[in-house]
Amino acid sequence: MSLACFHNKNLKYLFFNFLINQFGEIMRNSFLFLMILFIFNVIQLFSDTLTLVTPYGDNAVIVRDEYGVPHIYADNKNSLFFAMGFAQAYDRPIQLALYRLNAMGRLSELQAVYSEKFLNSDIDTRKYNYTKEEMNTLLKNTSSEFQDMLASYSEGINRYLDSAEKNPSKYKHQLAALLEFYGIKFEKWEPIHSAYIMVVFARVFGKFGGNELYNEIMYKSLGKDGFDKDFPINDENVYSTIEDGTIGSVKRDYNYSNNNLNNQIINNLIKDKAEILEVRKKLGIPLKLGSFAVLFSDKKTDDASFMMLGCPQMGLITQDEKAPVSEVELTSGDYHVGGIAVTGTPTIIIGRNDYYSWTFTSGYSDNTDTYIYDCSDNNLTDYLNNGEYKKFDVISDTILISEVKGNGIAYNKYPVTFKRSEHGPIYYEDEGNNKAAAHKMTFWKQELSMFEELLDLHKVQNVEQFKDALRGGAMSFNAFFSQYGKIFYKHSGKYPVRPENSDPRLPLKGDGSQEWTGFIDFNNLPEQENPSNGYFINWNNKPAKWWDNGDNIAWTSKSHVGTVVNKIKTAVNQKAKMNFDDLKNVPVQINDNGTYQQALRFTETNVTDENLLPASQSEFVNTAGTSSPHSNDQWQLYQQNKFKDWIFGKYIINSVNEELLSEIGVYPNPAKNYISIDIEPSEGSVVEIFDMLGVKVISEPIHPMSSSHQMNIEKLSPGVYFIKINCSNGACSNVEKFVKM
């Protein structure tokens, strides 16, 4: 977010301190606090561990690693997502506020402190948005698990905000308090706020098409042959992620119908949209997802491993601007997942669990069509459909626009109205020709299904479960799966079956004669497992040779989207066999990178996982004022493509709500060759030794009748180690330190 956006000198500084110092009320469980601080303050030069007392009668633990990444542990998911909300609000309060206002079409409420005007952006958002009543209905139709997740996450954000109210002298910065005096205040968070952000995110990165009016102008200008050449339905010269197969349809029979469109109105719509996107860009709001992915099977790797590189691209990231996503690890019982989440939402969108990793790229397939109407007169209050004129639905709303008034801020009301047809929101109105046009979307009122789908992806163990989880998603995405023995690709989403007498590049008639006849069956969408060439590569390119362009004409031999993937193809074909370093070096080879990057290598016995953090992730400062070690060099690491250890599943926490646990007796300590451990006998107990990095180096079963267990430590390098007993009854011991000489 650029300081140049502000025009009021005092409010400029005030806004950047907007709520960044509202810390939650943190309760420390004495035993757990001491145990974790003991472990992690020894393991790393920096760590920060907070235990939150949750509204659900138990605790949640947030452990920060040296990069500022939160690793969150709880004994139930409600507490887990509560802590995630708290951590996200602690790290990104300004971004939370901006994303909420943008998603709800309320950016004009910030106009008093900005030099930009947001009215057109808010009108555009609300034109396509759902009313609060509609959104609440959509939320009620989601699963109870999904609703509980959003409720808990919201409670966590609000716990953070409550801290400032209850302890203003300790937590609330004076400038933030002064800003509230001016009338700008961070509202309590509600599940509906996250739902609005989810809808915007799903559309920005998974909605494509809707360009038919512009295409008709080009058709009239170029003629049929020229249009087919420059706007092909299927270009046989572009690369497809699934290389096997034959070309799809090149032409379709369609009798062009002149809709008598107003070119000036269409050009103004295009111009207005570009200006709106530029305004949002200045606020650091993500506009489009590019993204690339590279997957290798054992046919392509030099060690018969299976690999994945996932690189989501969410706009240009600068040193001073936080990325729209941040890394997190979540652990509760057998629910264990890590990766990145979008600010304002509690679901990890790209990452891994204990069984596999996944990534997405935007699908770019056409899931939005334009329907054009004849209206009875130039008032444009109705439209001809199936032989009768039907009234447009009219939605009235009010936008609040802030202005500096005296020593405070006042809000002016700006009334707006929007129209909808049975196909969708009206976005084109031509009173001179009695014409109107609407966008019909395959995903209308189904955007939240994408995030329910993500919850299912977190629990996946195999390809079949992965496909089942994708089945309910309506947005256009390329989904990739990797584990030992398998790489898999699926072009997912919901796509219409258009009538035979239509062209996907041009508008459809709104009179009822050109209605969709259904949707393409999920099983018929492009997919492939373990390709014969040994790899999948994708940079939003065509999924399969037979898959056609829609009206967005994304994949041609003259377009960026149709050809940029060739850079990756060149990089991966430089060597017959690739290693893990080669995989991680692909961004350098193509001179591009992701907002976030994850690289994984799966062998039969091991998983190597590394990632590259979003810029500004590491600007974490704990309540004592201590910065994480990589606060100063994260941007350099990001620029230099230096991956770090993912630190997934390597911290020693089994439960955050246990009774006082049994002590371990270890002797001799220090020791050179052997140690003896005094324990209480228990069937199925296991003793584990961890090194200073939290990596498990020894694991041995304990005889159920023995009260002492001897371990050979000769092969361990000299240093400090930690012992922990895992018992079959679910209880576990304290952690004990010993020194190997």
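Residues numbered from 1 in each chain as written. Predicted model: local features only at pLDDT ≥ 70, side-chain atom pairs only at ≥ 80, totals over all residues. Heavy atoms only, no water.

Notes on the overall build of the protein chain
Looking only at helices and strands, the protein chain has 19 helices and 35 strands in total. Counting contacts in the protein chain only where the partners sit at least 6 residues apart, residues at least 24 apart contribute 70% of the total. Surface exposure of the protein chain reaches about 29800 Å², of which carbon and sulfur atoms provide 48%. (Helix = DSSP H or I, 4+ residues; strand = E, 2+ residues; numbered from the N terminus. Contact = heavy atoms within 4.5 Å. Areas by Shrake-Rupley, 256 points an atom, 1.4 Å probe, with all protein chains shown as cover.)

Some thoughts on the pattern of salt bridges
Tallying each qualifying case throughout the model produces 34 salt bridges. In this structure, the salt-bridge partner of D303 is R601, at a minimum N-O distance of 2.8 Å. With a gap of 298 residues between them, D303 in the loop between strand 5 (292-296) and strand 6 (306-311) and R601 in strand 26 (residues 597-602) connect regions that are remote in the sequence. Ionic pairing is found between D581 and K584, a salt bridge with its closest N-O pair at 3.5 Å. Separated by 3 residues within a single helix, D581 and K584 lie in helix 17 (residues 580-584), roughly one turn from each other. According to the relative accessible area criterion, D581 is exposed, its value standing at 52%. (Salt bridge = Lys/Arg side-chain N within 4 Å of Asp/Glu carboxyl O. Buried < 20%, exposed > 50% of the residue type's maximum accessible area, 1.4 Å probe, protein only.)

Digging into the pairing of strand 34 (residues 719-726)
Within a regular strand, side chains alternate between the sheet's two faces. Most of strand 34 is tucked away: 6 of the 8 residues are buried. Relative to strand 34, strand 31 (residues 686-690) runs antiparallel, the two being bridged by 5 bridges. By the bridge assignment for strand 34, F690 is matched with F722. Bridge count for strand 34 against strand 35 (residues 736-740) is 5 bridges, and the pairing is antiparallel. Bridge pairing links G719 to K740 in strand 35. (Pairing = 2+ DSSP bridges.)

What to know about helix 16 (residues 565-572)
What sets the pattern is the α-helix's 3.6 residues per turn: residues three or four places apart point alike. Of all the positions in helix 16, only V565, I568, A571 and V572 are classed as buried. In a view along the axis of helix 16, the buried residues occupy a sector of 115 degrees, so they form one face of it. For helix 16, the elements touching its buried residues are strand 5, strand 24 (535-538), helix 15 (560-563) and helix 18 (586-590). (Arc of directions from axis to C-beta.)

A short note on helix 12 (residues 263-282)
The end-to-end C-alpha distance of helix 12, which contains 20 residues, comes to 29 Å, matching closely the 28 Å that a straight helix rising 1.5 Å per residue would cover. Along helix 12, the positions that sit buried rather than exposed are I266, I276, V279 and R280. Projection of helix 12 onto a plane perpendicular to its axis shows the buried side chains occupying an angular sector of 140 degrees, all on one side. Its side-chain oxygen placed 3.0 Å from the backbone nitrogen of Q264, N262 serves as the N-cap of helix 12. (Expected span 1.5 Å × (residues − 1). Polar contact = N/O pair within 3.5 Å; in protein donor to acceptor, adjacent residues only side chain to side chain.)

Thoughts on the sheet that holds strand 33 (residues 708-712)
Strand order in the open sheet made by the 3 strands is 29-30-33, with antiparallel pairing throughout. Looking at the sheet topology across the chains shown, the edges are occupied by strand 29 (665-667) and strand 33. The average angle at which neighbouring strand axes cross in this sheet is 20 degrees, direction not considered. Here strand 29 runs beside strand 30 (residues 674-678); their pairing, made up of 3 bridges, is antiparallel. Across the sheet, residue V666 finds its bridge partner in strand 30, namely I677. (Axes fitted to C-alpha atoms, helices over the stretch in contact; angles between N-to-C directions.)

Considerations on the nonpolar core
Ranked by size, the top nonpolar core spans 123 residues in total, and within it I72, L330, I349, W358, F360, L457 and F466 carry the most contacts. With 10 residues, helix 10 (residues 191-206) is the largest single contributor of residues to this core. Beyond its immediate stretch of four places on either side in the chain, F466 contacts Y356, W358, L457, V460, A479, F480, F481 and F488. Among the nonpolar cores identified, the runner-up in size contains 28 residues, and L309, Y535, I568 and A599 belong to it. (Core = buried A, V, L, I, M, F, W, Y, C linked by side-chain atoms within 4.5 Å.)

Remarks on the side chain of E447
By the secondary structure assignment, E447 is in the loop between strand 17 (435-441) and helix 13 (448-457). When its relative accessible area of 1% is taken as the criterion, E447 is described as buried. Polar contacts involving the side chain of E447 include one to the main-chain amide nitrogen of K445, which spans 3.4 Å. Contacts of E447, omitting those with residues within four sequence positions, involve Y130, V199, A202, R203 and M475.

Some details on the confidence of the model for the protein chain
Residues at a pLDDT of 70 or more form 85% of the protein chain, whose mean pLDDT is 85. Below a pLDDT of 50 lies the segment residues 1-46, which in the model reaches 147 contacts outside its immediate sequence neighbourhood of four places, other chains included. The low-confidence segment residues 654-662 (pLDDT under 50) makes 25 contacts with residues lying over four places distant or belonging to another chain. (pLDDT = per-residue confidence, 0-100.)

Remarks on the packing of aromatic side chains
For any pair of aromatic rings, geometry is given as the distance between the ring centres together with the angle between the planes. If you walk through the whole model with that rule in mind, you get 29 aromatic pairs. Ring geometry for Y356 against F481: centres 4.9 Å apart, planes inclined by 20 degrees, an arrangement best described as stacked. One end of the pair, Y356, is in the loop between strand 9 (348-353) and strand 10 (357-362); the other, F481, is in strand 18 (residues 477-483), with 125 residues separating them in the sequence. Judged on exposure class, the residue Y356 and its partner F481 are both buried. Linked through ring pairs, Y356, W358, F466, F481 and F488 together constitute an aromatic cluster. Over the ring of W516 we find K440; its NZ or CZ atom is 4.3 Å from the centre of that ring. The ring centre of F522 lies 4.2 Å from the NZ or CZ of K490, which sits over that ring. (Phe/Tyr/Trp six-rings, centres within 6.5 Å; stacked < 30°, edge-to-face > 60°. Lys NZ or Arg CZ within 6 Å of the ring centre and 35° of its normal.)

Details of the environment of K494
Tracing the backbone shows K494 in the loop between strand 19 (486-492) and strand 20 (496-497). For K494, a relative accessible area of 21% puts it in the partly exposed group. Sequence separation between K494 and D366 is 128 residues; the distance between their C-alpha atoms is 9.5 Å.

Quick word on the environment of E610
Position of E610 among the secondary structure elements: in strand 27 (residues 607-612). Relative accessible area serves as the criterion here: at 18%, E610 is assigned to the buried category. Taking the C-alpha atoms as reference points, E610 and F643, separated by 33 residues in sequence, lie 5.9 Å from one another. Look past the residues within four positions of E610 in its chain and what remains in contact with it is F580, K584, Q597, Q598, A599, F643, K644, D645 and W646. Engagement of the side chain of E610 in a polar contact is seen with the side chain of K584, the distance being 2.8 Å.

Side note on unusual backbone geometry
Cis geometry is found at the peptide bond from Y667 to P668, where omega equals -10 degrees. Locating P668 in the fold gives a position in the loop between strand 29 and strand 30. Residues N669 and P670 are joined by a peptide bond in cis, for which omega reads 10 degrees. Positionally, P670 belongs in the loop between strand 29 and strand 30.

Here's the deal with the sheet that holds strand 24
Strand order across the open sheet formed by 6 strands is 24-5-6-26-27-28, with antiparallel pairing between neighbours. For this open sheet the edge positions go to strand 24 and strand 28 (644-645), each flanked by a neighbour on one side alone. Sheet strands touched by helix 16: strand 5 and strand 24. Its angle to strand 24, the strand with the most contacts, is close to 150 degrees.

A look at the packing of helix 5 (residues 119-128) against helix 12
Interaxial distance between helix 5 and helix 12 falls to 9 Å at its minimum, and their mutual angle equals 105 degrees. As the angle between them shows, helix 5 and helix 12 are arranged roughly perpendicular. Contact with helix 5, carried on its side by N120, S121, D124 and T125, involves K273, I276 and R280 of helix 12 and no other residues of that element. The residue inventory of the contact of helix 5 with helix 12, partitioned by class, reads 1 nonpolar, 3 polar and 3 charged. (Parallel < 35°, antiparallel > 145°, perpendicular 65-115°, else oblique. Nonpolar A, V, L, I, M, F, W, Y, C, P; charged D, E, K, R; others polar.)

A closer look at the pairing of strand 27
Here strand 26 runs beside strand 27; their pairing, made up of 6 bridges, is antiparallel. Following the sheet pairing, F602 is matched in strand 27 by V607. Hairpin connection between strand 26 and strand 27: a loop of 4 residues separates the two successive antiparallel strands. In this structure, strand 27 lies alongside strand 28, joined through 2 bridges in antiparallel fashion. Paired with E610 across the bridge in strand 28 is D645.

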